[in-house]
Amino acid sequence: MSSGTGAPADGTHDETLVLGVPEISRALTRIAHEVLERNHGATDVVLLGIPTRGLPLARRLATRLAEVEPVLDVDSLLGSLDVTMYRDDLAHHPTRTIGATHLPPGGIDGKIVVLVDDVLYSGRTIRAALDAISDLGRPRGVQLAVLVDRGHRELPIRPDYVGKNLPTAAAERVRVLLEEIDGRDAVLIEGAVL
Amino acid sequence: MKHLLSAADLERSEAIEILDTAAQMAATQSREIKKLPTLRGRTVVNLFFEDSTRTRISFETAAKRLSADVINFSAKGSSVSKGESLKDTALTLQAMGADAVVIRHQSSGAPHTLAHAGWTSGAVINAGDGTHQHPTQALLDAFTIRRHLVGDGGRADVTGRDLAGLHVAIIGDVLHSRVARSNVQLLQTLGARVTLVAPPTLVPVGVGSWGADVSYHLDEVLTEGRPDAVMMLRVQRERMSMAGGGFFPSPLEYTRGYGLDARRLATLPDHTIVMHPGPMNRGLEISADAADSPRAVIVEQVSNGVAVRMAVLYLLLAGETTNTKAVGE
């Protein structure tokens, strides 16, 4: 969310495709296996997607977990976590629309929560997410999965699962496009406007 | 949106944005920890020149749930009773750094004056002025109606939906009711059809321009109009002289003609909800049978009021357009 995603492609940007459809798919499959390996299965795991693009990513991860371990049920693994009301930069932007927070039926107490987002940048979205989680319950642990880590952290936060490490300049923009929202899968990097 | 002064100022899209935000706020209020850090450091002043319990408590709760600081100022026992003007009171509040002023005043138009006279730079929210407007009440009523009657009775997602196709009957003391004025405007903005039902003496002059149907016959409206929601208004006896003030011959006669009782309740369609902005005069405009029936959503209106006021405070205060910007950036 703090990644600068979602800017319109107006032709003035220099776009480079970083991840295509097969790379995104492979990265998610690998992350799914890493989640299972690290947590010895996924019986206690809850995937919380951060709107907007964390939601479809979390759903895809949950589907993959359920494919590997058929005892798992996608809907009881999956939730969404809106962090808007916990952000520290609300006063610096036009009013943001509040998204939905939805927890799976079992809640998050005693579970391993895996936060899922598209781009990790300053880390401020994740800080807000940690605050939001502590108001919702007390998970046994919190882990972070992101499709792209573009660096430039402003807080001591690090991801547990990364689709792609992408060294960027601060002036560049990273855009994640997903089939469910944008009609196609792609990760693009855009140069600064000269 | 800088202030919320009148339901007439709200565009359809703005009204729906408030209702959608309120739905998310309502979801947070069913949690164990209801407090959100969203408006930390902001100050909300409740400036009440007229008696109010539920609206003031509702705004106070909403602001506190969003972590804003709340200052309650009521005219009784304050400098106002010593003769201070609205202007001087407003300047005092400005000096204390109020980011939002929630004002209730017995004079129609006082919130508008406060918002536009340049006495305060904060957002002004009208919590009821005279017989003019009470926009947050209309918003919570629309929210309650949407929750019950749109999207298959709450089972489907209603985000972004309006009230198109619904019929709402507003019954009782329309003349003195700011709730009725705000509701007529907002419900029509959201696509609902409104019928006002009142004795001729309690129908305001110029009601023809409101766009709502007007009827003097409650039984006819309930059976033939088949309303989806029935909103009973309080008979505002404090705004009338003694007895009925000449507006109606006796309370008993009013109840016979315009009170919602068990018999009238039975003539309503099964899905119809019964609403009342409170406080109720039981036995006058609404009988205990109706007020306590399963289709009455009167208590739910109160909890929805907190969610709607949280949404209004969020939308007015959380963004960059408030006081702090001028000072801080």
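Residues numbered from 1 in each chain as written. Chains lettered and ligands numbered in written order. Predicted model: local features only at pLDDT ≥ 70, side-chain atom pairs only at ≥ 80, totals over all residues.

It is worth spelling out the overall build of chain B at this point. Counting secondary structure elements, chain B contains 13 helices and nine strands. Expected size for 329 residues packed as a compact globule is a radius of gyration near 20 Å; at 20 Å, chain B falls within 12% of this value. Sequence-distant contacts in chain B: of pairs separated by 6 or more residues, those separated by 24 or more amount to 76%. (Helix = DSSP H or I, 4+ residues; strand = E, 2+ residues; numbered from the N terminus. Rg over C-alpha atoms; globule rule 2.2 N^0.38 Å. Contact = placed C-beta atoms within 7 Å.)

Glancing now at the confidence of the model for chain B. All names here are of chain B. Of all residues in chain B, 95% have pLDDT values of 70 or greater, and the mean over the chain is 91. Counting contacts from residues 322-329, a segment whose pLDDT is below 50, to residues more than four positions away or on other chains yields nine contacts. Confidence estimates for the predicted assembly give a pTM of 0.91 and an ipTM of 0.84. (pLDDT = per-residue confidence, 0-100.)

A general trend in soluble globular proteins is that nonpolar side chains are found buried together. Leu47 and Leu61 of chain A together with Leu313 of chain B are the most contacted members of the largest nonpolar core, which has 153 residues in total. The element best represented in this core is helix 12 (residues 298-317) of chain B, accounting for twelve residues. Split by domain, the residues of this core number at least three in each of domain 1 (7-133 + 303-328) and domain 2 (135-298) of chain B. Setting aside residues no more than four positions away along its own chain, Leu61 of chain A makes contact with Leu28, Ile31, Ala32, Leu47, Val116 and Ala145 of chain A. (Core = buried A, V, L, I, M, F, W, Y, C linked by C-beta atoms within 7 Å. Buried ≥ 20, exposed ≤ 12 C-beta atoms within 10 Å, placed from the backbone. Domains from an automatic or database assignment.)

What follows is about the interface of chain A and chain B. Counting residues at the interface gives 14 residues for chain A and 13 residues for chain B. Classifying every residue of the side of chain A that touches chain B gives eight nonpolar, four polar and two charged. (Nonpolar A, V, L, I, M, F, W, Y, C, P; charged D, E, K, R; others polar.)

Here the focus is helix 2 (residues 54-65) of chain B. All names here are of chain B. With twelve residues, helix 2 ought to run about 16 Å at 1.5 Å a step, and its terminal C-alpha atoms sit 16 Å apart, in line with that. Among the residues of helix 2, Thr55, Arg56, Ser58, Phe59, Ala62, Ala63 and Arg65 are the ones counted as buried. Positive backbone phi, approximately 70 degrees, marks Ser67, located one or two places after helix 2. (Expected span 1.5 Å × (residues − 1).)

Turning next to the domain arrangement of chain B. Residue and element names in this part refer to chain B. One can read the domain layout of chain B as domain 1 (7-133 + 303-328) and domain 2 (135-298). One C-alpha centre belongs to domain 1, the other to domain 2, and the line joining them spans 26 Å. Contact residues are listed per partner, giving 25 residues for domain 1 and 21 residues for domain 2. For the side of domain 1 that touches domain 2, the secondary structure elements donating two or more residues are helix 1 (12-28), strand 4 (123-129) and helix 12. Residue contributions to the side of domain 1 that touches domain 2 peak at eight residues, all from helix 1. Residue composition of the side of domain 1 that touches domain 2, grouped by class: twelve nonpolar, eight polar and five charged.

Residue and element names in this part refer to chain A. Taken together, five strands build an open sheet; the order of strands is 3-2-4-5-6 and the sheet is parallel. Each end of this open sheet is capped by a strand with a single partner; those strands are strand 3 (78-80) and strand 6 (161-165). Between one strand axis and the next, the sheet turns by 25 degrees as a mean value, whatever way the strands run. Direction of pairing for strand 4 (residues 112-120) relative to strand 5 (residues 141-149): parallel, over a ladder of eight bridges. Counterpart to Val116 in the pairing with strand 5 is Ala145. Each of strand 4 and strand 5 touches helix 4 (residues 124-136); the most contacted strand, strand 4, lies at about 155 degrees to it. (Pairing = 2+ DSSP bridges. Axes fitted to C-alpha atoms, helices over the stretch in contact; angles between N-to-C directions.)

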